Amino acid sequence: MVGYDGASIAIFINLKEFTMTAADFWNKRYQTDEFLFGVEPNDFIRAVTPIPKPGAKAFAPADGEGRNGVFLAELGYQVTSVDVSQFAVDKAKALAETHNVTVDSHVGDVFAFPCPDDHYDLVIVCFMHFLPDDHVRFVDLLKGCLKPGGVLIMEGYTLEQLPLTSGGPKNPDMLWSAEAIASEFAEFDILLLQETRRFLAEGHRHQGQAATLQFLGRKPAA
Ligand SMILES: C[S@@+](CC[C@H](N)C(=O)[O-])C[C@H]1O[C@@H](n2cnc3c(N)ncnc32)[C@H](O)[C@@H]1O
């Protein structure tokens, strides 16, 4: 199987198995001067992110080359980000410098990141797809690190994306549905949850018609 965003990716060639870590996979992709997903923030995240109160903290797991983390920092959030690819984080740091903002960006596996409980006012997830077991762990992580009353914004691909060519994993087990996300975040105040058919224009990797899920929700107040 050739995976996409999983923790490890096994490739079978001539009956020999080579295991590639997520870091290897993504470093190989990011090893270019180009920003694969562009330097502009995801337009859904740009549209729905609340204006921060002074001192508000945001977390951007799997922030890639930093386009969304930089946007949040420009709005006034104190941003922490983590991505498994060193090459991506190097670009994210350069992007933050160009925009004259600070993002506390880290290289590493999101599951190994010391994420404090009840800490962030805002968490954003942009096209981060895991295999089912890791998806469950990721949902727990997102719920845990948000403050009570904190906001979660997510955009990811749905099953309808499978025949489309604007990005995303080709393993259906990694794709999202509104039904599953509604059940996983049942205790949240769900402000927006919709499956879309829309046009993506994010670098050369996300171009064209896409089938996405957009989520905006609030963790219940304590
Ligand atoms: C499709 S890209 C999206 C990047 C970014 N969110 C954006 O929209 O520009 C998926 C990202 O997930 C990162 N990633 C994959 N597995 C990860 C993991 N276990 N921990 C942290 N980052 C991971 C990859 O390095 C890659 O940057």
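Everything discussed here concerns the structure shown above.
Residues numbered from 1 in each chain as written. Predicted model: local features only at pLDDT ≥ 70, side-chain atom pairs only at ≥ 80, totals over all residues.

### Re the pairing of strand S5 (residues 103–107)
Pairing analysis gives five bridges linking strand S4 (residues 78–83) to S5, with the strands arranged parallel. Its bridge partner being in S5, Val-82 is matched across the sheet by His-106. (Pairing = 2+ DSSP bridges. Helix = DSSP H or I, 4+ residues; strand = E, 2+ residues; numbered from the N terminus.)

### Considerations on the nonpolar core
Counting residues in each nonpolar core, the largest one holds 54 residues, and the members touching the most others are Ala-58, Leu-122, Val-123, Ile-124, Leu-152 and Ile-153. In this structure Ile-124 touches Ile-45, Ala-58, Ala-60, Asn-68 and Ile-153, once residues within four positions along its chain are discounted. (Core = buried A, V, L, I, M, F, W, Y, C linked by C-beta atoms within 7 Å. Buried ≥ 20, exposed ≤ 12 C-beta atoms within 10 Å, placed from the backbone. Contact = placed C-beta atoms within 7 Å.)

### A word on the site of the ligand
Close to the ligand lie 20 residues, the nearest being Trp-26, Ala-62, Gly-64, Val-84 and Cys-126. Elements with a contribution of two residues or more to the shell around the ligand: helix H1 (22–30) and S4. Here the shell around the ligand is built from residues that sort into twelve nonpolar, three polar and five charged. (Near = placed C-beta within 6 Å. Nonpolar A, V, L, I, M, F, W, Y, C, P; charged D, E, K, R; others polar.)

### Details of the sheet that holds strand S3 (residues 57–61)
Think of a sheet as strands paired side by side through backbone hydrogen bonds, with each pair either parallel or antiparallel. Strand order in the open sheet formed by seven strands is S5-S4-S3-S6-S7-S9-S8, and the pairing between neighbours is mixed. Of all the strands in the sheet, just S5 and strand S8 (189–202) have a single pairing partner and so form its edges. On average, each strand axis in the sheet is inclined to that of its neighbour by 15°, with strand direction left out of account. With five bridges connecting them, S3 and S4 associate as parallel partners. Residue pairing in the sheet places Phe-59 in a bridge with Thr-80 of S4. (Axes fitted to C-alpha atoms, helices over the stretch in contact; angles between N-to-C directions.)

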